[in-house]
Amino acid sequence: MNKIILVIIVVVLIAIGGYFVLQSEPATPESAVPAPGAEDVPEMIVSPQTQQETEQLLEPEATLEPEPESTLQPELAPEPQSESPFEPVVEPQPGPEAEPEPQPQVKEFDITARRFMFEPNTITVNKGDTVKLNITSTDVTHGFAISEFGVNAILPRGGIKTVEFVASESGSYTMFCSVACGSGHFDMKGTLVVK
Ligand SMILES: [Cu+2]
């Protein structure tokens, strides 16, 4: 009887030990084998894809960086161009102010001719002026000439002769009697000043 009881106890112990062993064994292979295999494979596949995507994203960023540099250079270039227009604006202002000063005008004078002078004997005009002279001889026939402007008129006694010409060139010119009128004829002179 003792042997049979021992055998039963051994069998029961073996059965109990086998039960615990079976419970622990299936749990470890299920979680250990499939879990690492599934986790490792997707990680290796995803990692290269993300690296390529990040590389592709970084490449366009690198190309965009030099573009703003090129755009900033032309922006700096037009700045001196904006400064230059201010200078020419100031320069033409004094130009037109100096030009209108010698605007041609009509200058009219009344001159008396008599032995042996002209009164007044000096007249002054500006270059480009139209000179109008109303000359009257009070005694005898005289002449009135300015060779440089082609002026040569005869002044009958008592009459008024009008001479008109353009003082086209600056200088000092002699106006003189062109008709022999006596002993002082060659001293009968005056001066035309064209500024
Ligand atoms: Cu004369």
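Residues numbered from 1 in each chain as written. Predicted model: local features only at pLDDT ≥ 70, side-chain atom pairs only at ≥ 80, totals over all residues.

Topic: the confidence of the model for the chain
Per-residue confidence for the chain gives a mean pLDDT of 74; residues scoring 70 or more make up 48%. Low pLDDT, under 50, characterises residues 26-48; the predicted model gives this stretch zero contacts beyond four residues in sequence or across chains. (pLDDT = per-residue confidence, 0-100. Contact = placed C-beta atoms within 7 Å.)

Points about the sheet that holds strand S4 (residues 130-137)
Taken in spatial order, the four strands of this open sheet run S2-S1-S4-S7, and their pairing is mixed. The open sheet has two edge strands, strand S2 (117-119) and strand S7 (160-166), and neither has a second partner. With strand direction ignored, the average angle separating the axes of adjacent strands in the sheet is 30°. Alignment of strand S1 (residues 106-114) against S4, held across eight bridges, turns out to be parallel. If you follow Phe109 over to S4, its bridge partner there is Leu133. (Pairing = 2+ DSSP bridges. Helix = DSSP H or I, 4+ residues; strand = E, 2+ residues; numbered from the N terminus. Axes fitted to C-alpha atoms, helices over the stretch in contact; angles between N-to-C directions.)

Observations regarding the pairing of S4
In S4, alternate side chains face the same way, and those of Val131, Leu133, Ile135 and Ser137 are buried while those of Thr130, Lys132, Asn134 and Thr136 on the opposite face are not. Pairing analysis gives seven bridges linking S4 to S7, with the strands arranged antiparallel. Looking at the pairing, Val131 lines up with Phe165 of S7. (Buried ≥ 20, exposed ≤ 12 C-beta atoms within 10 Å, placed from the backbone.)

Considerations on the nonpolar core
Ranked by size, the top nonpolar core spans 18 residues in total, and within it Ile111, Ala113, Leu133, Ile135, Phe144 and Met175 carry the most contacts. Sorting the residues of this core by element identifies S1, S4, strand S5 (142-146) and strand S9 (189-194) as the ones contributing at least two each. Among the elements that take part in this core, S4 stands out by supplying three residues, more than any other. Among residues more than four places away in sequence, those in contact with Ile135 are Ile111, Ala113, Phe144, Leu155, Lys161 and Val163. (Core = buried A, V, L, I, M, F, W, Y, C linked by C-beta atoms within 7 Å.)

Section: unusual backbone geometry
Cis geometry marks the peptide bond from Arg115 to Phe116; its omega dihedral reads -15°. One can find Phe116 in the loop between S1 and S2. Put simply, Glu119 and Pro120 share a cis peptide bond, and its omega is -5°. Here Pro120 lies in the loop between S2 and strand S3 (122-125).

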